[in-house]
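# Inside the fold
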Amino acid sequence: MDKLMLTSTLVLLLLFTECGAQQDVCGQTKANTRIVGGVEALPGDWPWQVSLHSSGNHFCGASLISRQWLLSAAHCFPRVIPVTAYLGRQSQEGSNPNEERREITEIINHPNYLPDTFDNDVALLKLSSPVSFTDFIVPVCLAAQDSTFFSGTESWVTGWGRIGAGVPLPSPQNLMEVEVPVVGNRQCNCDLNPKATVTDNMICAGLRDGGKDSCQGDSGGPMVSRQGSQWVLSGVVSFGIGCARPKMPGVYARVSRYQEWISNHTSGTTLPGFVTFTSEGTDPDLQVSCAGPVPSSMSVPTTSTGTSEPAFCGRAPLNDRLSGSGTASARAGMWPWMASLHQNGRHVCGGSLVAEDSVLTSAECVMRSSTPSEWTVFLGRVRQNGSNRFETAMSVINITSSTQSGSNVAVLKLASRAPLSDFIQPICIESGQTFATGSTCWAAGWSAGRGGEEQALQEVQTSLVDCGNASSTNICTQNLTLDQEDNGGPLMCRLSNGWFQVAVLGTGSSNPRQTEGQTMVFPKVSLFNEFLRQILGDFLSATDSDPESNSAPSALLSQLLVVGMALHVILMLLLRH
C-alpha cells in the first residue's frame, strides 16, 4: 500500500479548533503501510486504534472519533465496569512512549442492541478529558449514511486479538493489521445461514479461502477503507463463526447506519468527521443468489424441510455453562434442545427435542389435553415475553404417553422436522450410560416467578448424589427448586461425546421424590427406552460417539474436560472479545 506522509498543512490541521466537525483532520496517518493472517503494524500506522482495559487487562478495541469520544461494540459492555482507554498504544507489554491514558466516564450502548443477534452492536465511550492530536493519536473518519461499500472493497482490520483459533498474540503483543475485502450482505447471508443472519446494520469482510480475519480480543476495533487521503471507518468488529474459516466472513457493525445516533450523543463537543465513501461501478453482490432463500435483513427462516444427512444429538456449540453455580438466565443457543410447550397460546410446560421431529416431556403436562391442535412447540426460544431471534414455532400432529406405573413421559410428534442450527439441536437420550456420583448436571425451564419481566429461560447447576439401593432405576441430585412451568424439561448431564438427558423434570407427587436429606429422586429416562424406541425408532447418536466408552469420567478428568470444553466454546462463540 502507498505511504501517506503528513505535510506541513496536516500538522496545522491537527491543531484544529475544538468547534465544528473534523472532516479535514480525521483519517490522516503519518506513515501507513497498509488478527489472523496479519502482520505487525508500525507505530502511527493506525492512530485511531484504542486498547480498552478492565482490571488491568486488554479486553476490547475501540476507535477514536473525536477529542473526547470513542466508538466500540456494545457486546463488550454487557454490564457497567470500570474501563481505561489507552490511545497511541503499540504494545501490550513493551514501552509506549506515544501513549495517552484516559478513564471512561460514560458508556452508551445503542438502545436497539440485541445481544442474541448482535444487531446494532455499537457503543459510544466518553473519555475523562479530551486528548490532543499527535502523529500517533488521530481520529478516524466515519462513514456517512449515504456511503456504499461494494463487495470486494479493500479494508483493513486492526487489533490485539488472537492470531488464530486458540493462538494468543505472542509477546510483546504488538498491534496487528490484516487486509480483508468486503463481502456483500447477500453473499454473507448465504455463507452464514442458518448460524447467523446479517442485517442491514451489519457489513461483512473476509477471504473466500479463509486465513485472514479478526478474532477474539479484536471486538470493538476498527475496520477501515481508504478514500483519497483519508481512512474511513466502515465497520466495528462484532462477531463471526470461529476465526478465519473459509466462506465464513467476519461480521461488523455498519458505521454508516449510525450517523444520526452518533451525532446526537456527541453534540456539544468537537463533532466526529463523517465522510461519504463511494464505491465505483456496480456491486457484484447484487448478482448473488443462494441455493435456498436468502434471509431478510430482520428475520430468520421459520420453516424447514429438514436435512438429508443424519442428525447427531447432544451438540451445543454455543454452550459455555460447563461450570459455575447458582441460577442464571440462559442465552440463545445454550440449551438448543429446550422446548416451550404452549397450550392454547400459553406456556404450560417444558420439553426437549430428542429427534428431528419429536419432543419429550412429562405425561403430567399433557394430561390436561391430548388434542394435538391445542398445542404449539417453540424451539430456539429464550424469552416468554420479548423477541426470540432464532425461534421456530412447530405444530403438533400426535401425542403419545407411556403407561407404566408411577411417573410417565409423553412424546409430541411435530408436523415437520425442526430446522437444526446452533440454536436448535436434539439432546441424546440416556440409554444405559453411567453418570458417576458427583457429576455436574443442569436443569432448565421457564417459570412465571423467575427470569424477570421477559420470563427468560433459567438454568441451574446441580450435582448427582448416591441413590442407594434405588440407583438402578433412579437418578438423584442435590435439591432443586421446581415450579409447575418447569414440568417436562430435561435434567442434562454431559459425557465426553455430548449432552444426555437423564431424567424428565416433574413436580407431581411421584416425580420427583424429595428425601429428608434434600435429595431429589428422578426416574431414569432409560426406564422408558422401550416406549421411546417404539415411537422414535433408533435413538440419535452423539457426534464421534465411542461405543466402548459409556461411563462418566473421574472427578479429575471431569475438571479437565470442563476446562477444555470451555476453551473450545469460547473460540466458537460469535463474540469476538
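Residues numbered from 1 in each chain as written. Predicted model: local features only at pLDDT ≥ 70, side-chain atom pairs only at ≥ 80, totals over all residues. Heavy atoms only, no water.

## Some details on the overall build of the protein
If you tally the helices and strands in the protein, you get 6 helices and 30 strands. Looking at the protein as shown, the accessible area adds up to about 23300 Å², and 49% of this sits on carbon and sulfur atoms. (Helix = DSSP H or I, 4+ residues; strand = E, 2+ residues; numbered from the N terminus. Areas by Shrake-Rupley, 256 points an atom, 1.4 Å probe, with all protein chains shown as cover.)

## With respect to the pairing of strand β7 (residues 123-127)
By the criterion of burial, β7 is predominantly enclosed, with 4 of the 5 residues buried. Bridge analysis of strand β4 (residues 69-72) against β7 gives 4 bridges, and the strand direction is antiparallel. What sits directly across from S72, in β7, is A123. Inspection of the sheet shows strand β6 (residues 100-109) paired to β7 by 5 bridges, in the antiparallel sense. Looking across to β7, one finds that I107 is bridged to L125. (Buried < 20%, exposed > 50% of the residue type's maximum accessible area, 1.4 Å probe, protein only. Pairing = 2+ DSSP bridges.)

## Brief notes about empty space enclosed by the protein
Looking at the largest cavity, its volume works out to about 110 Å³. Lining the largest cavity are 13 residues, with G44, W46, G88, R89 and F136 positioned closest to its centre. Among the residues making up the lining of the largest cavity, the classes are represented as 6 nonpolar, 5 polar and 2 charged. A volume near 80 Å³ is recorded for the second largest cavity. Lining the second largest cavity, in full, are R331, A332, G333, M334, W335, P336, M338, G380, R381, V382, F423 and L457. Taken together, the residues of the lining of the second largest cavity break down into 8 nonpolar, 2 polar and 2 charged. (1 Å grid on protein atoms, 1.4 Å probe; cavity = no way out; pocket = protein on both sides within 12 Å on 5 of 7 lines; lining within 4 Å. Points joined across faces, edges and corners; volume = space filled by probe spheres on them. Nonpolar A, V, L, I, M, F, W, Y, C, P; charged D, E, K, R; others polar.)

## Some words on unusual backbone geometry
Between N193 and P194 the backbone carries a cis peptide bond, its omega angle lying at 5°. Mapped onto the elements of the fold, P194 is located in the loop between α2 (185-192) and β11 (202-205). Despite not being glycine, F118 shows a phi value in the positive range, around 65°. Here F118 shows up in the loop between β6 and β7. Here K247, not a glycine, exhibits a phi torsion of approximately 55°, which is positive.

## Brief notes about the nonpolar core
A general trend in soluble globular proteins is that nonpolar side chains are found buried together. Ranked by size, the top nonpolar core spans 63 residues in total, and within it L52, L64, L70, L71 and I262 carry the most contacts. Among all residues touching I262, those that are not within four sequence positions of it are I65, L71, L124, L142, P272 and F274. With 45 residues, the next largest nonpolar core counts V377, L379, V396 and L412 among its residues. (Core = buried A, V, L, I, M, F, W, Y, C linked by side-chain atoms within 4.5 Å. Contact = heavy atoms within 4.5 Å.)

## Some words on the sheet that holds strand β5 (residues 84-87)
Spatial ordering of the closed barrel is given by β2-β3-β4-β7-β6-β5, a layout of 6 strands whose pairing is antiparallel. In this sheet, neighbouring strand axes are inclined to one another by 40° on average, regardless of whether the strands run parallel or antiparallel. Note that strand β2 (residues 49-54) and β5 share 4 bridges and pair antiparallel. Note on β5: the bridge partner recorded for H53 is T84. (Axes fitted to C-alpha atoms, helices over the stretch in contact; angles between N-to-C directions.)

## A look at the pattern of salt bridges
Scanning the model with the defined rule gives 8 salt bridges in all. Between R102 and E100 there is a salt bridge, with the nearest N and O atoms lying 3.2 Å from each other. (Salt bridge = Lys/Arg side-chain N within 4 Å of Asp/Glu carboxyl O.)

## Regarding the side chain of S155
Summarising the element assignment, S155 is placed in strand β9 (residues 154-159). At 3.2 Å, the side chain of S155 and the backbone oxygen of T153 are in polar contact. A distance of 3.1 Å separates a polar atom in the side chain of S155 from a polar atom in the side chain of S225. Ignoring anything within four residues of it in the chain, the contact list for S155 reads V178, E179, V180, V182, M223, V224 and S225. (Polar contact = N/O pair within 3.5 Å; in protein donor to acceptor, adjacent residues only side chain to side chain.)

## Concerning the packing of aromatic side chains
The tally for this structure, following the rule as stated, stands at 13 aromatic pairs. Seen in terms of ring centroids, W335 and W499 are 5.0 Å apart; in terms of plane orientation they differ by 85°. Their pairing is edge-to-face. Here W335 is found in the loop between β16 (327-329) and β17 (338-343), whereas its partner W499 is found in strand β28 (residues 498-504), with 164 residues between them in sequence. Both residues of the pair, W335 and W499, count as buried. (Phe/Tyr/Trp six-rings, centres within 6.5 Å; stacked < 30°, edge-to-face > 60°.)

## Topic: the sheet that holds β17
Taken in spatial order, the 6 strands line up as β17-β18-β19-β22-β21-β20 and close into a barrel, and their pairing is antiparallel. Shown here is a sheet whose adjacent strand axes are inclined to one another by a mean of 40°, direction ignored. Here β17 pairs with strand β20 (residues 375-379) via 5 bridges, running antiparallel. Looking at the pairing, Q343 lines up with W375 of β20. Contacting β18 (346-355), β19 (358-362), β21 (392-401) and β22 (409-414), helix α5 (residues 529-536) crosses the sheet at an angle of about 10° to β22.

## Regarding the environment of E103
Relative to the helices and strands, E103 resides in strand β6. For E103, a relative accessible area of 32% puts it in the partly exposed group. With 20 residues separating them along the chain, E103 and V83 place their C-alpha atoms 6.2 Å apart. Setting aside chain neighbours within four positions, we find E103 in contact with V83, T84, K126, L127 and S128. Here the side chain of E103 touches T84 through a polar contact of 2.9 Å, side chain to side chain.

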